[in-house]
Amino acid sequence: MSQAKDLRTLRRMFPRMTSDRLVQAIERGKTVKAIAADEQKRLIAENDQLSETIAELEKRIETLTAEREQQDADEAERTAPAAKAKARGNKPIAFASGTRPNLVDTHSLRGRWKALVDDLVSQGMTRAKAVSRANRAYPELRELAVDEANSRRGGRRG
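Residues numbered from 1 in each chain as written. Predicted model: local features only at pLDDT ≥ 70, side-chain atom pairs only at ≥ 80, totals over all residues. Heavy atoms only, no water.

1. Remarks on the environment of Glu-148
Next up, step 1: For Glu-148, the position within the fold is in helix α6 (residues 139-157).
Next up, step 2: Looking at Glu-148, the relative accessible area reads 17%, which means it is buried.
Next up, step 3: Between the alpha carbons of Glu-148 and Ser-108 there is a distance of 8.3 Å; along the sequence they are 40 residues apart. (Helix = DSSP H or I, 4+ residues; strand = E, 2+ residues; numbered from the N terminus. Buried < 20%, exposed > 50% of the residue type's maximum accessible area, 1.4 Å probe, protein only.)

2. Re the confidence of the model for the protein
Next up, step 1: When pLDDT is averaged along the protein, the result is 78; 77% of the residues meet or exceed 70.
Next up, step 2: Taken element by element, the protein is modelled with least confidence in α6, mean pLDDT 75, and with most confidence in helix α5 (residues 127-137), mean pLDDT 88. (pLDDT = per-residue confidence, 0-100.)

3. What to know about the environment of Ala-149
Next up, step 1: Along the polypeptide, Ala-149 turns up in helix α6.
Next up, step 2: Put simply, Ala-149 and Leu-109 are 40 residues apart on the chain and 9.0 Å apart in space, counted from C-alpha to C-alpha.

4. What to know about the packing of helix α4 (residues 109-122) against α5
Two numbers describe a pair of packed helices, the interaxial angle and the distance between the axes.
Next up, step 1: With their axes 9 Å apart at the nearest point, α4 and α5 run at an angle of 130 degrees to one another. Taken together, α4 and α5 sit at an angle that is classed as oblique. Where α4 crosses over α5, the two elements pack in a sense that is right-handed. In this structure, α4 contributes Trp-113, Leu-116, Val-117, Asp-118, Leu-120 and Val-121 to the contact, and α5 contributes Arg-127, Ala-130, Val-131, Arg-133, Ala-134 and Asn-135.
Next up, step 2: When the residues that make up the contact of α4 with α5 are grouped by side-chain class, the tally is eight nonpolar, one polar and three charged. (Axes fitted to C-alpha atoms, helices over the stretch in contact; angles between N-to-C directions. Parallel < 35°, antiparallel > 145°, perpendicular 65-115°, else oblique. Left-handed = near helix turned anticlockwise from the far one by under 90°. Contact = heavy atoms within 4.5 Å. Nonpolar A, V, L, I, M, F, W, Y, C, P; charged D, E, K, R; others polar.)

See the structure below:
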């Protein structure tokens, strides 16, 4: 009865101890204290081995992290010109005169009126304000441009 009690005590003390190890220790005639001491030594050795494994894995993680950071830096350096160009977006072309040339057809009255409005817009006015100011400053030009535009429409329809 005392041996069964000792076995239960060992099971409670070392729940991960396999039955094979326990049976071998009993067959060799070891006492409960000797079995407990052997199991503690085994657990200490296992703990040391696991600590070494953890240390190796932590070093491996540091190495992999450093490699990944280097890869990210290389990738960022490789893609930096494209990203920089994309971030800049489209920029207006710089002209030698410093001002944008008027690309509107100025051969017609309507083209001249549009060029006048575009020049006012390029000076910082809103389009609606520029149209209003052009109409007030050059009412005859606006009328002639409207007449010209209407005559072109009539010619196309007929």
